[in-house]
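Letter by letter, the chains look like this.
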Amino acid sequence: MKKVIVLIAISLLNIGSSFAGSDPELKEEITQKVQIDLSGITLDKYEEDFVHVEFKIYDGLINVVNIKASQPELKELIMDKLNEIHIKTSYSENEIHNFNFTFKKK
């Protein structure tokens, strides 16, 4: 039953993301690894919900510098997923990366 709910939620929602920066490999890696179950979240009917994350990468791990979200639940979901990711490519520890997740109902 849970699988049906997840499939329905995924089919009703469109999840987009944008990456501020010039590294398509990092964008692709994060996009592939951050898969979110939105079945427990009620998205705004009229405006896109969002999570904007600023982060640095230390030894392949994402260290969030700043995060803003339209809903606290979305913020927690994204934080949990980002904490699970290990980035394959090495990056400067001083470089700040930006990633925007957008969520809207179809």
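Only a predicted model underlies this, so the values are computations on that prediction, with no experimental measurement involved.

Trainee: Can you help me understand the overall build of the protein chain in this one?
Mentor: Of the regular secondary structure elements, the protein chain holds three helices and four strands. Counting from the amino terminus, the protein chain carries its helices and strands in the arrangement α-β-α-β-β-α-β. Of the contacts made within the protein chain by residues no fewer than 6 positions apart, 75% connect residues no fewer than 24 positions apart. Surface accessibility of the protein chain: about 6900 Å² in total, with carbon and sulfur atoms responsible for 51%.

Trainee: Please clarify how the pattern of salt bridges should be interpreted in this entry.
Mentor: Any two side chains of opposite charge can pair if their charged atoms end up close together. According to the stated counting rule, one finds two salt bridges in the structure shown. The partner of Glu-29 in a salt bridge is Lys-33, with the nearest N and O atoms 2.9 Å apart. Taken together, the positions of Glu-29 and Lys-33, both in helix H2 (residues 24-33) and four residues apart, correspond to about one turn of that helix.

Trainee: Just checking my understanding: could you explain the nonpolar core for this structure?
Mentor: Nonpolar side chains in soluble globular proteins generally cluster together in the buried interior. In this structure, Ile-30, Ile-78, Phe-101 and Phe-103 are the most contacted members of the largest nonpolar core, which totals 22 residues. If you list the elements that add at least two residues to this core, you get H2, strand E2 (49-58), strand E3 (61-69), helix H3 (72-84) and strand E4 (97-105). When residues in this core are grouped by element, the largest group, four residues, is from E2. The contact partners of Ile-30, leaving out residues within four places of it in the chain, are Phe-55, Ile-62, Ile-87, Phe-99 and Phe-101.

Trainee: Would you mind showing me how to read the pairing of E3 here?
Mentor: One face of the sheet, then the other: side chains in a regular strand alternate in exactly this way. Of the strand pairs in this sheet, E2 and E3 are connected by eight bridges, and their pairing is antiparallel. Among the inter-strand pairings, Lys-56 is bridged to a residue of E3, identified as Asn-63. The antiparallel pairing of E2 with E3 creates a hairpin that spans two residues between the two strands, and Asp-59 there sits at a positive phi of about 50°.

Trainee: Is there a simple way to think about the confidence of the model for the protein chain in this case?
Mentor: Any segment with low pLDDT has predicted coordinates that should not be analysed in fine detail. Counting all residues, the mean pLDDT for the protein chain is 81, and 78% of those residues have values of 70 or more. Averaged pLDDT values for the elements of the protein chain fall to 43 in helix H1 (residues 2-12) and rise to 95 in E3. In the predicted structure, residues 1-15 sits below a pLDDT of 50 and forms 21 contacts with residues beyond four places in sequence or in another chain.

Trainee: What is the right way to look at the packing of aromatic side chains in this model?
Mentor: The geometry of an aromatic ring pair is captured by the separation of the ring centres together with the interplanar angle, meaning the angle of the planes. All told, the structure shown has one aromatic pair when counted by the stated rule. Seen from their ring centres, Phe-99 and Phe-101 are 4.6 Å apart, and the 45° between their planes marks the pair as tilted. Neither residue differs from the other here; Phe-99 and Phe-101 are each classed as buried.

Trainee: Looking at this structure, I do not really get a negative patch on the surface. What am I missing?
Mentor: A surface patch of like charges, here negative, comprises Glu-73, Glu-76, Asp-80 and Glu-84. As for its placement among the helices and strands, Glu-84 is situated in helix H3.

The rules behind the values
Residues numbered from 1 in each chain as written. Predicted model: local features only at pLDDT ≥ 70, side-chain atom pairs only at ≥ 80, totals over all residues. Heavy atoms only, no water. Helix = DSSP H or I, 4+ residues; strand = E, 2+ residues; numbered from the N terminus. Contact = heavy atoms within 4.5 Å. Areas by Shrake-Rupley, 256 points an atom, 1.4 Å probe, with all protein chains shown as cover. Salt bridge = Lys/Arg side-chain N within 4 Å of Asp/Glu carboxyl O. Core = buried A, V, L, I, M, F, W, Y, C linked by side-chain atoms within 4.5 Å. Buried < 20%, exposed > 50% of the residue type's maximum accessible area, 1.4 Å probe, protein only. Pairing = 2+ DSSP bridges. pLDDT = per-residue confidence, 0-100. Phe/Tyr/Trp six-rings, centres within 6.5 Å; stacked < 30°, edge-to-face > 60°. Patch = residues over 30% accessible without salt bridge, like charges linked within 9 Å, V, L, I, M, F, W, Y side chains within 5 Å. Lys, Arg positive; Asp, Glu negative; His and termini not counted. Charge placed at Lys NZ, Arg CZ, Asp CG, Glu CD.

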